[in-house]
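# Overview (structure and organization)
As a plain string of letters, each chain reads:
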Amino acid sequence: MTRVVAQGTFDLLHPGHVHYLEDAAARGDELNAIVARRTNVTHKPAPVLCARQRRDMVAALDAVDEAHLGDPEDVFVPIERLDPDVIVLGFDQHHDEEDIATALAERGIDCRVERASGREPEYGDELLSSGDIVDRILRERGDGADPTRD
């Protein structure tokens, strides 16, 4: 059995997240998703939704066998516990594959690190970024929003 791990913030789920998790699931027999804690999200604005809600939403996706919360202090703790064969990084995640592989080797974790494929929008106004979703909400629900837009 090939155990795969995918990890991310997964704030405001969108089709890009679904694509990432389906791509990761296709690389093995079991997909475990690790949802980052707010304290570990330092490379972009903090998540809008709480960690438990994000985990529950990720767990509800068909591609995911199990969803876990990340460790609040050490992002490698759940990796050590799950002992995956493959870690699949998101297409646009800021992590460097070689840096992750080196950190895993230093901890004695023997697994491959791969990068998921990207997904292009399938129609004109489809959003594949949580940040873009937040921006649209602020633009369209703020003062001057167009209430007739479908």
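Overview of the structure. (Residues numbered from 1 in each chain as written. Predicted model: local features only at pLDDT ≥ 70, side-chain atom pairs only at ≥ 80, totals over all residues. Heavy atoms only, no water.)

### Considerations on helix α4 (residues 97-106)
Put simply, the test is: The buried label goes to any residue with under 20% of its type's maximum accessible area, the exposed label to any with over 50%, and the partly exposed label to all in between, with areas taken from a 1.4 Å probe on protein chains only. Strands here mean DSSP runs of E at least two residues long; helices mean DSSP runs of H or I at least four residues long; both are numbered from the N terminus. The directions considered for the arc are those from the helix axis to the C-beta atoms. Throughout, a residue-residue contact means that at least one pair of heavy atoms, one from each residue, lies within 4.5 Å. Polar contact is the term for a pair of N or O atoms within 3.5 Å; when the atoms are in protein, one must be able to donate a hydrogen and the other to accept it, and sequence-neighboring residues count only if both atoms are side-chain atoms.
Within α4 the residues assigned to the buried category are I100, A103 and L104. Projected down its long axis, α4 shows its buried positions confined to an angular sector of 100°, all on one face. Exposed side of α4, more than 90 degrees from the buried face: E98, D99, A105 and E106 are the residues found there. Turning to α4, the residues buried within the fold contact α3 (77-82), β4 (86-89) and β5 (112-115). With a side-chain oxygen lying 3.1 Å from the backbone nitrogen of E98, the N-terminal cap of α4 falls on D96. Of the residues trailing α4, G108 is marked for its positive phi of about 75°.

### Details of the packing of aromatic side chains
Inclusion rule: Classification of ring pairs uses Phe, Tyr and Trp, with its six-membered ring standing for Trp, and accepts pairs whose centres are within 6.5 Å; under 30 degrees between planes counts as stacked, over 60 as edge-to-face, and the remaining range as tilted.
Throughout the structure, instances matching the rule amount to one aromatic pair. Ring centres of F10 and Y20 lie 6.1 Å apart, and the angle between their planes is 15°; this geometry places the pair in the stacked category. Here F10 is found in the loop between β1 (3-8) and α1 (15-25), whereas its partner Y20 is found in helix α1, with 10 residues between them in sequence. No difference in accessibility class separates F10 from Y20, as the two residues are buried.

### Concerning the environment of G118
Mapped onto the elements, G118 comes out in the loop between β5 and α5 (130-141). It is 23 Å that separates the C-alpha atoms of G118 and H68, two residues lying 50 residues apart in sequence. What G118 contacts, discounting residues up to four positions off in sequence, is H19 and F91.

### Re the sheet that holds strand β2 (residues 30-35)
Which entries qualify depends on this criterion: When DSSP finds two or more bridges between a pair of strands, those strands are recorded as paired. Here an axis means a line fitted to C-alpha atoms, over the contact stretch when the element is a helix, while the angle between two N-to-C directions is reported on a 0 to 180 degree scale.
Spatial ordering of the open sheet is given by β3-β2-β1-β4-β5, a layout of five strands whose pairing is parallel. At either margin of the open sheet sits one strand with a lone partner, and together these are β3 (66-69) and β5. When strand polarity is set aside, the average angle formed by the axes of neighbouring strands in this sheet is 25°. Pairing analysis gives six bridges linking β1 to β2, with the strands arranged parallel. Residue pairing across strands places G8 opposite V35, the latter belonging to β2. Along the sheet face, helix α2 (residues 51-59) touches β2 and β3 and points at about 165° away from the line of β3. Sheet strands touched by α4: β4 and β5. Its angle to β5, the strand with the most contacts, is close to 160°.

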